[in-house]
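# Understanding the architecture of this molecule
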Amino acid sequence: MNIISSLFQDQKKNKGNLKGRIILFMFRFAQLTNRHILIAILLCIYLGFYHVFVEWFLCVELPRKTKAGKGLVIYHGQALVINQGVVFGEDCILRNSTTIGHKILKDGTFSGCPVIGNRVDIGANVCIIGNVKIGNDVKIGAGTVVVKDIPDNCVVVGNPARIILNL
Ligand SMILES: CC(C)(COP(=O)(O)OP(=O)(O)OC[C@H]1O[C@@H](n2cnc3c(N)ncnc32)[C@H](O)[C@@H]1OP(=O)(O)O)[C@@H](O)C(=O)NCCC(=O)NCCS
Ligand SMILES: CC(=O)OC[C@H](N)C(=O)O
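Just so it is clear, the model here is predicted, and its values are computed rather than measured.

Turning next to the UniProt feature "transmembrane region" (unreviewed entry) in the protein. Cross-referencing UniProt, the feature "transmembrane region" (unreviewed entry) maps to residues 37-60 in the present numbering. Within residues 37-60, the helical portion is 83% and the strand portion 4%, while the C-alpha atoms at the span's ends are 24 Å from each other.

The next thing to look at is the pairing of strand β14 (residues 154-157). With three bridges joining them, strand β12 (residues 138-140) and β14 adopt parallel strand pairing. Across the sheet, I140 pairs through a bridge with V156, a residue of β14. When β14 meets strand β15 (residues 162-166), the two strands line up antiparallel, connected through four bridges. Note on β15: the bridge partner recorded for V155 is L165. The loop that links β14 with its antiparallel partner β15 comprises four residues; one of these, G158, has a positive phi angle of about 95°.

About the cut-offs
- Residues numbered from 1 in each chain as written.
- Chains lettered and ligands numbered in written order.
- Predicted model: local features only at pLDDT ≥ 70, side-chain atom pairs only at ≥ 80, totals over all residues.
- Heavy atoms only, no water.
- UniProt positions renumbered as here; feature names shortened; annotations may be inferred.
- Helix = DSSP H or I, 4+ residues; strand = E, 2+ residues; numbered from the N terminus.
- Pairing = 2+ DSSP bridges.

As structure tokens, this is what we get:
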């Protein structure tokens, strides 16, 4: 993944959305520390600042280890919680009050995390949990709870998510 080109694409996609731009700039910069332990050591004060400012003040948990393709958009962002194991494709949209992460299995271990395709538009108040795969070109309606795989090219809504439209 090219962090610098992702950074430029994110900025382009978040035009007019200063808060999204700031969060994503700081996220991509924090991702540089994934490249080598020495970079992480050099930037440890920055990582502390990223953690306090973005997580505590802006209420967006977007760990530096989360994999995200270029062109990520964050609208509003409050109460957005993403697990570090989540993978996003390119040009995905995230909004407020959304949780994407793993679940605790019956034996007490953690499941895998969602793998999300390209051009997935995730509405407000969505939960996507567990080892699920979301296809490309998917719209996930506000308030949807996703616990199973979603195929390409569709719109899903509800709890549990159901397809209302094939695109
Ligand atoms: C899912 C979504 C993309 C569908 O938009 P749309 O294609 O214009 O769909 P429609 O409004 O024509 O609704 C189609 C049907 O789905 C239902 N529906 C739409 N969105 C729904 C949702 N989020 N949850 C449950 N049902 C929903 C409608 O009630 C309608 O049902 P009906 O056919 O029985 O009357 C949109 O409703 C949505 O939720 N977008 C998220 C945007 C968002 O989060 N905005 C907040 C900004 S912070
Ligand atoms: C809450 C709202 O309407 O926000 C609009 C914004 N463009 C979005 O899609 O998130």
